[in-house]
Amino acid sequence: MTSEIDTASSYYALTKQIYAEQAGLQHRKQQSSGEEKNSTNNQIWVEDNWTEEEISHVAEILSSEKPALRAKAHQIQKYEAEAALNWDRFYTRNQSNFFKDRHYLQRVFPELSVERLSDTSSSCGPFVLLEVGCGVGNAVLPLLEKNPNLHVWGLDLSHVAIDLMRQDERFANASRQGRAKAAVWDITAGSCPLICTNTNVEHVEGAADGAILLFCLSAVTPEKMKDAVRNVIDTLKPGGCLLFRDYGRFDEAQMKLGTSRGKCLGDNFYVKQDGTRCYYFDLDDIRAMFSELEEVELSYIRRVYSNRGDQSVRRRVWIHGR
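Residues numbered from 1 in each chain as written. Predicted model: local features only at pLDDT ≥ 70, side-chain atom pairs only at ≥ 80, totals over all residues. Heavy atoms only, no water.

### A closer look at the overall build of the protein
Here is step 1: From N to C terminus, the protein includes 12 helices and 14 strands.
Here is step 2: Taking all 322 residues of the protein together, the buried fraction comes to 50%.
Here is step 3: Contacts spanning at least 24 positions in sequence make up 71% of the contacts within the protein whose residues lie at least 6 apart.
Here is step 4: In the form shown here, the protein has an accessible surface area of approximately 15,900 Å², with 49% of it arising from carbon and sulfur atoms. (Helix = DSSP H or I, 4+ residues; strand = E, 2+ residues; numbered from the N terminus. Buried < 20%, exposed > 50% of the residue type's maximum accessible area, 1.4 Å probe, protein only. Contact = heavy atoms within 4.5 Å. Areas by Shrake-Rupley, 256 points an atom, 1.4 Å probe, with all protein chains shown as cover.)

Below is the structure:
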């Protein structure tokens, strides 16, 4: 049987080869057109076009080692029972410093553009945006700053995350204006929560013009995902929109976890070092779970990132939908 190190090495060798080929092509195109490379901070990225051969190769890497690397049944049960606790520990340890604010959302989701939200608010009253799995507010707080007519409800499994978001000055200011509310909610546990304020109790069910689900569903055990999706859909008004982004199949993080002993909890489902869990979706997974909604857009985002500082190369995969 191939060793864990050799298996992982074969994937990363492929990553570097793919990046070198695509980056060279991209660089030649940009030289001829005078364009600059795509970059984020100290990282350069290029679009990554997977071939069927590459997909088969990485799928074989994961399947060949899975039985030997899978976690024990009692460990899997423990991670499920302690899901909320592990996220509380995560935010206690990292506070508001782990994730960066998601300023890109207004570019990738037209529904969140300043113009669209202004038009909707002027004709139909305030636009109510609900985020499930809001964490400390890295998505909704920048949106609140840019959109004075936006009303936001943030929901998360972690008590610590919700407390940290409430302490953020951007949330506090919007809350005083009646534009921001937050509550703890386990989306696998049942119906939509009530949000209690100083003056009244508000129902979340059927109240949102839009809901965003960013890197949240992947943390739910696969057996409970369908019910979780149903609960999120129930928060929407008729005609409301659901905006989705999460981890995609064969993302580099999956390849690392999938070739590490004791990290595999099930097919495409893994536990990280800190006890939090992650599932890696393909497009069919998402279509099956969100089948009752109209699909406007659903696609992979596949990129290869190169860090100019440490010369590392990462092959990333996400799923984007609305």
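### Topic: helix 4 (residues 83-94)
Given 3.6 residues per turn, any residue in an α-helix points the same way as the ones three and four places further on.
Here is step 1: In this model helix 4 runs 17 Å from its N-terminal to its C-terminal C-alpha over 12 residues, within 8% of the 16 Å that 1.5 Å per residue would give.
Here is step 2: Among all positions of helix 4, only A83, N86, W87, D88, F90, Y91 and N94 are buried.
Here is step 3: In this fold, the buried residues of helix 4 make contact with helix 3 (73-81), helix 8 (159-167) and strand 12 (277-279).
Here is step 4: Immediately downstream of helix 4, the backbone of Q95 shows phi near 55°, a positive value. (Expected span 1.5 Å × (residues − 1).)

### So, the confidence of the model for the protein
Here is step 1: For the protein, the mean per-residue pLDDT works out to 85, and 82% of the residues sit at or above 70.
Here is step 2: Averaged over each element, pLDDT in the protein is lowest for helix 1 (residues 4-33) (49) and highest for strand 12 (98).
Here is step 3: In the predicted structure, residues 1-9 sits below a pLDDT of 50 and forms 14 contacts with residues beyond four places in sequence or in another chain.
Here is step 4: Within the model, pLDDT remains below 50 along residues 27-37, and this stretch shows 6 contacts once partners closer than five positions in the same chain are excluded. (pLDDT = per-residue confidence, 0-100.)

### Quick look at the nonpolar core
Here is step 1: L105, L112, L129, L150, M165, I212 and L214 are the most contacted members of the largest nonpolar core, which has 42 residues in total.
Here is step 2: Sort the elements by how many residues they give to this core and helix 7 (residues 140-146) lands first, with 4 residues.
Here is step 3: The residues touching L105, leaving out its near neighbours within four places in the chain, are L112, A139, L143 and L214.
Here is step 4: Of all hydrophobic cores here, the second largest spans 37 residues; its members include A71, C192, I286 and F290. (Core = buried A, V, L, I, M, F, W, Y, C linked by side-chain atoms within 4.5 Å.)

### Some points on the sheet that holds strand 10 (residues 264-266)
Here is step 1: Read from one edge of the open sheet, 3 strands run 10-11-12, paired in antiparallel fashion. If you trace the sheet from one side to the other, it starts and ends with strand 10 and strand 12, each paired once. Strand-to-strand twist in this sheet, taken as the mean axis angle between neighbours without regard to direction, amounts to 30°.
Here is step 2: Summarising the sheet, strand 11 (residues 269-271) and strand 12 pair through 3 bridges and their orientation is antiparallel. Looking across to strand 12, one finds that F269 is bridged to Y279. (Pairing = 2+ DSSP bridges. Axes fitted to C-alpha atoms, helices over the stretch in contact; angles between N-to-C directions.)

### Considering the packing of aromatic side chains
Here is step 1: A full pass over the atoms with the stated rule returns 16 aromatic pairs.
Here is step 2: Through pairs of rings, three or more aromatic residues link up here, namely W87, F90, Y91, F98 and F99.
Here is step 3: A cation over an aromatic ring shows up here: R102 above the ring of F99, its NZ or CZ 5.9 Å from the ring centre.
Here is step 4: Taking NZ or CZ as reference, R303 lies 3.9 Å from the ring centre of W45, over its face. (Phe/Tyr/Trp six-rings, centres within 6.5 Å; stacked < 30°, edge-to-face > 60°. Lys NZ or Arg CZ within 6 Å of the ring centre and 35° of its normal.)

### Some words on unusual backbone geometry
Here is step 1: Backbone geometry places Q95, a non-glycine residue, at a positive phi of 55°.
Here is step 2: The exposure class of Q95 is partly exposed, given its relative accessible area of 36%.
Here is step 3: One non-glycine residue with positive phi stands out, namely F250, at about 75°.
Here is step 4: The topology assignment puts F250 in the loop between strand 9 (236-247) and helix 11 (252-258).

### Here's the deal with the environment of Q254
Here is step 1: Within the element layout of this structure, Q254 appears in helix 11.
Here is step 2: In sequence terms Q254 and Y280 are 26 residues apart; their C-alpha atoms lie 7.0 Å from each other.
Here is step 3: When residues no more than four places from it in sequence are discounted, the contact partners of Q254 are L62, G248, R249, N268, Y270 and Y280.

### What to know about the layout of surface pockets
Over the atoms a probe the size of a water molecule is rolled, and this reveals where empty space is left.
Here is step 1: Counted as a void, the second largest pocket has a volume near 390 Å³.
Here is step 2: Along the walls of the second largest pocket sit 20 residues, with L242, L293, E294, E295 and R322 positioned nearest its centre.
Here is step 3: Broken down by secondary-structure element, the contributors of at least two residues to the lining of the second largest pocket are strand 9 and helix 12 (283-289).
Here is step 4: Within the lining of the second largest pocket, the residues separate by chemical class into 9 nonpolar, 4 polar and 7 charged. (1 Å grid on protein atoms, 1.4 Å probe; cavity = no way out; pocket = protein on both sides within 12 Å on 5 of 7 lines; lining within 4 Å. Points joined across faces, edges and corners; volume = space filled by probe spheres on them. Nonpolar A, V, L, I, M, F, W, Y, C, P; charged D, E, K, R; others polar.)

### Considering the packing of helix 4 against helix 8
Here is step 1: The contact between helix 4 and helix 8 brings their axes to 7 Å, and the two run at 40°. One element, helix 4, and the other, helix 8, form an angle in the oblique class. Of helix 8, the residues touching helix 4 (which contributes D88, Y91 and T92) are H159, V160, A161 and L164.
Here is step 2: Here the residues of the contact of helix 4 with helix 8 are counted per class, giving 4 nonpolar, 2 polar and 1 charged. (Parallel < 35°, antiparallel > 145°, perpendicular 65-115°, else oblique.)

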